[in-house]
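Listed here are the chains, written in short residue letters.
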2 protein chains.
Amino acid sequence: MTEQELRDPNRKPSREGVLRAMAKVAEILPPTPLLPLEVDGQTVWCKAEMLQPIGAFKIRGAWHRISDLTEEERKRGVVGVSSGNHAQGVAWAAKRLGISATIVMPENAPKAKIEATRALGAKVVLYKRPGEDRDAIAAELIAQTGGTLVHAFGDPWVIEGQGTLGLEAEAQLTERGIGGPIHIIACCGGGGLSGGLALACPEATLSIAEPEGWDDVIRSLATGEIVPVIDQHHPTPCDALQTPRTYPINFDILKNRVASSAVVTPAEIAAAMRVVFERLHLVVEPGGAAALAAVLAGKVVPVATPVITLSGGNVDRETFVRMIGAAA
Amino acid sequence: MTEQELRDPNRKPSREGVLRAMAKVAEILPPTPLLPLEVDGQTVWCKAEMLQPIGAFKIRGAWHRISDLTEEERKRGVVGVSSGNHAQGVAWAAKRLGISATIVMPENAPKAKIEATRALGAKVVLYKRPGEDRDAIAAELIAQTGGTLVHAFGDPWVIEGQGTLGLEAEAQLTERGIGGPIHIIACCGGGGLSGGLALACPEATLSIAEPEGWDDVIRSLATGEIVPVIDQHHPTPCDALQTPRTYPINFDILKNRVASSAVVTPAEIAAAMRVVFERLHLVVEPGGAAALAAVLAGKVVPVATPVITLSGGNVDRETFVRMIGAAA
């Protein structure tokens with residue numbers, strides 16, 4: 001592909017795009033550790049994305065997108081829509097490049113995420129979830145400012161950027177002398193990360209995990225067409241995975257690639273957070289623990305060397321303390 | 001020095017020994033991340049040793065020591081004395097080499113540490129702290145078995161091994177393009193880590209942090225001779241730093257090298273643990289947070305690029321939840 005094709009906003013994201021994103025990400029972000037965790041005598045490799053500067057993998061896609069803006073686009077700023085991790089990714093990348101950023105966030109997002117986004121210099125516009133239409137609010141902001149929308153998952157740059165996680169993990173396994181096929185199990189919200197991983201690692205087996213009540217991607221894959229979540233009021237601790245419906249750009253990648261999937265419960269998520277606390281000494285947020293929860297619960301059975309995404313660690317202290325449950 | 005001199009149990013530990021240890025450690029342990037943390041507009045570089053396979057830096061010294069045992073010594077096994085992190089380091093290294101390990105541990109050590117040591121296949125002998133003499137118990141075990149004592153800090157291999165943390169951090173700063181002088185602030189128990197760092201980084205400024213009531217190294221440095229802790233009953237959350245007195249091998253290194261020091265309170269430790277939770281998404285145990293606590297409290301003021309040790313993350317859930325204090 002030509003450089004112009006690789007920057008076309010209407011392009012299909014590609015492995016070539018992931019490789020281009022990797023070169024850009026590697027310039028500014030050291031690889032996050034790939035940590036071994038023994039589960040029933042098998043080593044599960046955990047990609048510790050909470051150790052990114054913003055505490056989540058979302059920095060990858062946001063950096064790939066925003067660093068590709070033209071001078072003219074940079075002047076008009078960027079607009080993001082996010083419950084918090086993508087918000088921080090966009091704010092971080094914009095700050096680094098001296099670009100103004102406005103983020104539309106649900107008012108019930110974790111306090112830690114709203115505060116961190118503001119601390120990175122972004123303007124935060126709150127909306128009520130569910131009820132108000134966040135995409136409409138973003139569209140109005142863009143009409144006012146001429147800014148560029150950086151969508152949380154339905155964007156070719158964002159998908160390619162998230163895929164760099166997979167390239168990094170493969171390289172780290174190779175460094176450790178571990179060859180052979182891999183089985184990636186990813187936490188799934190809108191399908192930005194899992195779509196990127198599908199492109200990045202074409203030989204890998206791919207599974208996705210979604211939280212109970214927010215399993216629209218899994219149901220879409222089963223149905224063969226995009227269906228939304230049934231009840232947007234369904235409570236979940238996984239704020240990072242509360243996407244009402246996936247986009248065609250994500251669905252088209254995933255529909256022929258997802259080998260298996262799992263819907264995980266809040267109790268399974270809590271158990272995974274405890275294991276990460278006790279055995280890896282890491283703080284994983286509920287949405288970032290879905291993939292490990294699926295493996296620990298036996299809902300996804302690895303068919304090759306397992307690599308799971310610990311996608312983020314932005315969780316309020318109160319929620320963390322409640323989830324890891326001192327008495328449990 | 002000759003290979004024989006570098007393996008002499010009565011040698012003074014040396015920088016050459018640290019370099020030798022580094023080559024051995026690098027073969028089996030990937031470097032732990034060196035993570036930036038903004039403190040009052042200054043970047044403090046945090047060495048995340050809780051991400052070691054045993055959740056603490058102690059694996060470095062234990063590996064250097066135990067991997068140097070002769071075939072004959074290996075057959076007779078090793079004996080360690082530790083509240084838990086060194087215990088796991090010894091157990092891990094012994095298991096990897098197929099050597100039997102017996103560890104003398106205080107019965108009030110964190111449950112997580114006792115269980116983890118047993119899970120690594122070591123035999124655990126519990127003693128009452130304070131009251132029973134752990135060194136006497138270890139001496140009796142050694143008399144029975146002919147095993148080799150792997151002391152937690154007063155051993156040339158252990159000191160050299162811990163020093164590898166400093167070499168790694170220096171290399172990581174260089175990779176990030178950060179040059180110039182560094183100021184290492186280390187959590188201090190018996191002086192194994194800080195002694196190793198002093199040897200590893202001869203140009204660095206070195207500070208140590210000890211917990212309230214257990215500041216015997218700081219008092220020894222002030223006095224000019226080794227003095228024990230005043231009250232071995234003084235309660236502290238920092239089980240990893242509860243050493244009643246340092247050893248001459250440690251004191252001799254530190255006496256002309258420690259530029260400044262700080263005694264930190266339980267409240268300052270808790271504040272540091274919260275910062276590590278919220279901003280780095282890591283679990284640090286109380287004793288592993290002492291160095292950061294000293295910086296955050298303004299008790300150690302960095303005079304060059306600050307590097308601090310987040311020494312370990314082996315903390316019981318109950319203690320962690322209490323220390324990070326949901327309501328605080």
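Just so we're clear, the structure is a prediction, and the values are computed from it rather than from any experiment.

A.B. asks: Would you mind going over the overall build of chain A with me for this structure?
C.D. replies: The secondary structure content of chain A amounts to 14 helices and 10 strands. Its C-alpha radius of gyration of 18 Å places chain A within 12% of the 20 Å reference for a compact globule of 328 residues. Referenced to the eigenvectors of the C-alpha coordinate spread, the extents of chain A come out at roughly 55 × 45 × 40 Å. Counting only residues that meet the buried cut, chain A has 61% of its 328 residues in that class. Residue pairs at least 24 apart in sequence account for 69% of intrachain contacts in chain A once pairs closer than 6 positions are excluded. Distance between charge centroids for chain A: 3 Å, based on 32 positive and 37 negative side chains.

A.B. asks: How do you make sense of the nonpolar core when you look at a structure like this?
C.D. replies: The nonpolar side chains of a soluble globular protein tend to be buried, and buried together. Leu282 and Leu310 of chain A together with Leu282 and Leu310 of chain B are the most contacted members of the largest nonpolar core, which has 82 residues in total. In this view, Leu282 of chain B contacts Leu51, His281, Leu282 and Val283 of chain A together with Leu35, Ala48, Met50, Leu51, Val276, Phe277 and Leu310 of chain B; residues no more than four positions away in its chain are not counted.

A.B. asks: So what exactly am I meant to see when it comes to the interface of chain B and chain A here?
C.D. replies: When the parts come together, some accessible area is lost, and that loss is often what is quoted as the size of the interface. With 26 residues of chain B at the contact, the number on the chain A side is 26 residues. Around 2,200 Å² of area is buried between chain B and chain A when both sides are counted, 65% of it from carbon and sulfur atoms. For the pair chain B and chain A, the interface holds two salt bridges. One salt bridge connects Arg317 of chain A with Glu278 of chain B, and the closest N-O pair in it is separated by 3.0 Å. At the boundary of chain B with chain A, the tally comes to 12 residue pairs in polar contact (both at pLDDT 80 or more). The dominant element in the side of chain B that touches chain A, judged by the number of residues it contributes, is helix H14 (residues 317-324) of chain B, at five residues.

A.B. asks: I would appreciate a short explanation of the packing of aromatic side chains in the present structure.
C.D. replies: For any pair of aromatic rings, the description rests on two quantities: the centre-to-centre distance and the angle between the ring planes. The final tally for this structure, using the stated rule, is nine aromatic pairs over all chains. Summarising the aromatic geometry, the rings of Trp63 of chain A and Trp92 of chain A are spaced 6.1 Å apart at their centres and angled 70 degrees between planes, so their arrangement reads as edge-to-face. Highlighted residues: Trp63 of chain A in helix H3 (residues 59-66) and Trp92 of chain A in helix H5 (residues 85-97), separated in sequence by 29 residues. One exposure class covers both Trp63 of chain A and Trp92 of chain A, and it is buried. For the ring pair Phe153 of chain A and Tyr247 of chain A, a centre distance of 5.2 Å and an interplane angle of 75 degrees mean the geometry is edge-to-face. Here Phe153 of chain A, found in the loop between strand E6 (148-150) and helix H8 (156-175), pairs with Tyr247 of chain A, found in the loop between helix H10 (216-223) and helix H11 (248-254); they are 94 residues apart in sequence, far enough to count as distant. Given a relative accessible area of 4%, Phe153 of chain A falls into the buried group. An aromatic cluster is defined as three or more aromatic residues linked by ring pairs; in this entry it consists of Phe277 and Phe320 of chain A together with Phe277 and Phe320 of chain B. The cationic tip of Arg96 of chain B hangs over the ring face of Trp63 of chain B; the distance from NZ or CZ to the ring centre is 5.7 Å.

A.B. asks: Looking at this model, I keep getting lost on the relation of the copies chain B and chain A. Mind explaining?
C.D. replies: Both copies of the chain are tied together by a single rotation about an axis and a shift running along it. Placing chain B over chain A gives an RMSD of 0.0 Å and needs a rotation angle of 180 degrees, together with 0.0 Å of translation along the axis. The symmetry that links the two subunits is that of a two-fold axis. Ranked by how close their C-alpha atoms come to the rotation axis, the residues of chain B are headed by Leu282 of chain B, at 2.3 Å. Most of the interface of chain B is mirrored in chain A, where 100% of its interface residues are also at the interface.

A.B. asks: It is not clear to me how the domain arrangement of chain A should be interpreted in this structure. Could you clarify?
C.D. replies: All names here are of chain A. Domain annotation of chain A identifies domain 1 (3-56 + 163-326) and domain 2 (59-150). A separation of 22 Å is found between the C-alpha centroids of domain 1 and domain 2. The interface is formed by 29 residues belonging to domain 1 together with 21 residues belonging to domain 2. With both sides pooled, the region where domain 1 packs onto domain 2 buries about 2,200 Å², and carbon together with sulfur makes up 50% of that total. Here domain 1 and domain 2 share seven salt bridges between them. Put simply, Arg7 and Asp68 hold a salt bridge, and the shortest N to O gap is 3.6 Å. Broken down by secondary-structure element, the contributors of at least two residues to the side of domain 1 that touches domain 2 are helix H2 (15-28) and H8. Among the elements that make up the side of domain 1 that touches domain 2, the one with the highest residue count is H2 (six residues).

A.B. asks: What should I look at first to understand unusual backbone geometry in this one?
C.D. replies: If a residue is not glycine, its phi is most likely negative; likewise, a peptide bond is most likely trans. All names here are of chain B. One non-glycine residue, Asp40, lies in positive phi territory at about 50 degrees. Mapped onto the elements of the fold, Asp40 is located in the loop between strand E1 (34-39) and strand E2 (42-48). Overall, Asp40 belongs to the exposed group, its relative accessible area being 79%. Unlike most non-glycine residues, His281 shows phi in positive territory, near 60 degrees. The residue His281 is located in the loop between helix H12 (266-280) and helix H13 (290-296) in this model. We classify His281 as buried; its relative accessible area is 4%.

A.B. asks: Teacher, can you tell me more about the sheet that holds strand E2 (residues 42-48) of chain A here?
C.D. replies: Sheets are built from strands paired through backbone hydrogen bonds, the pairs being either parallel or antiparallel. All names here are of chain A. The strand order E1-E2-E10-E7-E8-E9 describes an open sheet built from six strands, whose pairing is mixed. Unpaired on one side and paired on the other, strand E1 (34-39) and strand E9 (258-264) mark the two borders of the sheet. In this sheet, neighbouring strand axes are inclined to one another by 25 degrees on average, regardless of whether the strands run parallel or antiparallel. Bridging between strand E8 (residues 205-211) and E9 involves six bridges; their strand directions are parallel. In the strand pairing of E9, Ile208 is matched with Ser261. Here H8 sits on the sheet in contact with E1, E2, strand E7 (182-187) and strand E10 (305-310), set at roughly 135 degrees to E2. On the sheet, helix H12 (residues 266-280) packs against E1, E2, E9 and E10 and is oriented at approximately 115 degrees with respect to E1.

A.B. asks: How should I be thinking about helix H9 (residues 192-200) of chain A in this particular structure?
C.D. replies: Along an α-helix, residues three or four apart share an orientation, since each turn contains 3.6 residues. Residues and elements named next belong to chain A. Across the nine residues of H9, nine count as buried, placing the element largely inside the fold. The set of residues buried in H9 consists of Gly192, Leu193, Ser194, Gly195, Gly196, Leu197, Ala198, Leu199 and Ala200. If you follow the buried residues of H9, they end up packed against H2, H8, E7, E8, H11 and E10.

A.B. asks: When you look at the state of the cysteines in this model, what are you seeing that I'm missing?
C.D. replies: Residues and elements named next belong to chain A. As enumerated under the stated definition, the model contains zero disulfides over all chains in all. With no disulfide of its own, Cys238 lies 8.2 Å from the sulfur of Cys187, the closest cysteine sulfur. The buried category is assigned to Cys238, whose relative accessible area is 0%.

A.B. asks: Explain the confidence of the model for chain A here, please?
C.D. replies: The predicted coordinates should not be examined in detail at positions where pLDDT is low. In the predicted model, chain A carries a mean pLDDT of 96, and the fraction of residues at 70 or more is 99%. Predicted complex metrics record ipTM = 0.94 and pTM = 0.95.

Calculation notes
- Note that residues are indexed from 1 along each chain, following the sequence as it is written.
- Here chains are named by letter from A upward and ligands by number from 1 upward, in the order in which they appear as written.
- With pLDDT at 70 or above as the cut-off, local features in this predicted model cover only qualifying residues; side-chain atom pairs require 80 or more to be listed or tallied, and sums for whole chains, interfaces and linings still use all residues.
- Side-chain numbers here rest on the full set of heavy atoms in the structure, without hydrogens or water.
- Going along the chain from the N terminus, every DSSP run of H or I of four or more residues is numbered as a helix, and every run of E of two or more is numbered as a strand.
- To get the radius of gyration, use the C-alpha atoms; to get the globule rule, take the number of residues to the power 0.38 and multiply by 2.2 Å.
- The buried label goes to any residue with under 20% of its type's maximum accessible area, the exposed label to any with over 50%, and the partly exposed label to all in between, with areas taken from a 1.4 Å probe on protein chains only.
- Contacts were defined at the residue level, with two residues in contact if any of their heavy atoms lie within 4.5 Å.
- As used throughout, the charge tally considers Lys and Arg to be positive and Asp and Glu to be negative, leaving His and the chain termini uncounted.
- Charge positions are represented by NZ for Lys, CZ for Arg, CG for Asp and CD for Glu.
- For our purposes a nonpolar core is just a set of buried Ala, Val, Leu, Ile, Met, Phe, Trp, Tyr and Cys residues, chained together by side-chain atoms within 4.5 Å.
- Accessible area that two parts lose when put together, with a 1.4 Å probe and added across both, is what the buried area reports.
- Any Lys or Arg side-chain nitrogen located within 4 Å of an Asp or Glu carboxyl oxygen qualifies as a salt bridge.
- By the criterion applied in these results, polar contacts are pairs of N or O atoms within 3.5 Å in which, for protein atoms, one can donate a hydrogen and the other can accept it, and in which residues neighboring in sequence qualify only through two side-chain atoms.
- Geometry of aromatic contacts follows a simple scheme: Phe, Tyr and Trp rings, the Trp one being its six-membered ring, pair when their centres are within 6.5 Å, and the pair is stacked under 30 degrees between planes, edge-to-face over 60, tilted otherwise.
- In this scheme, the term charge over a ring applies when either NZ of a lysine or CZ of an arginine sits within 6 Å of the ring centre and within 35 degrees of the ring normal.
- We place the copies in one frame by least squares, fitting the C-alpha atoms of every residue whose pLDDT is at least 70 in both.
- Bear in mind that the domain bounds are from an automatic or database domain assignment.
- Strands qualify as paired when DSSP identifies two bridges or more between them.
- For every element, the axis is a line fit to its C-alpha atoms; helices are fit only across the contacting stretch, and the angle between N-to-C directions ranges from 0 to 180 degrees.
- Whenever a pair of cysteine sulfur atoms sits within 2.5 Å, that pair is classed as a disulfide.
- The pLDDT value tells you how sure the predictor is about a given residue, anywhere from 0 up to 100.

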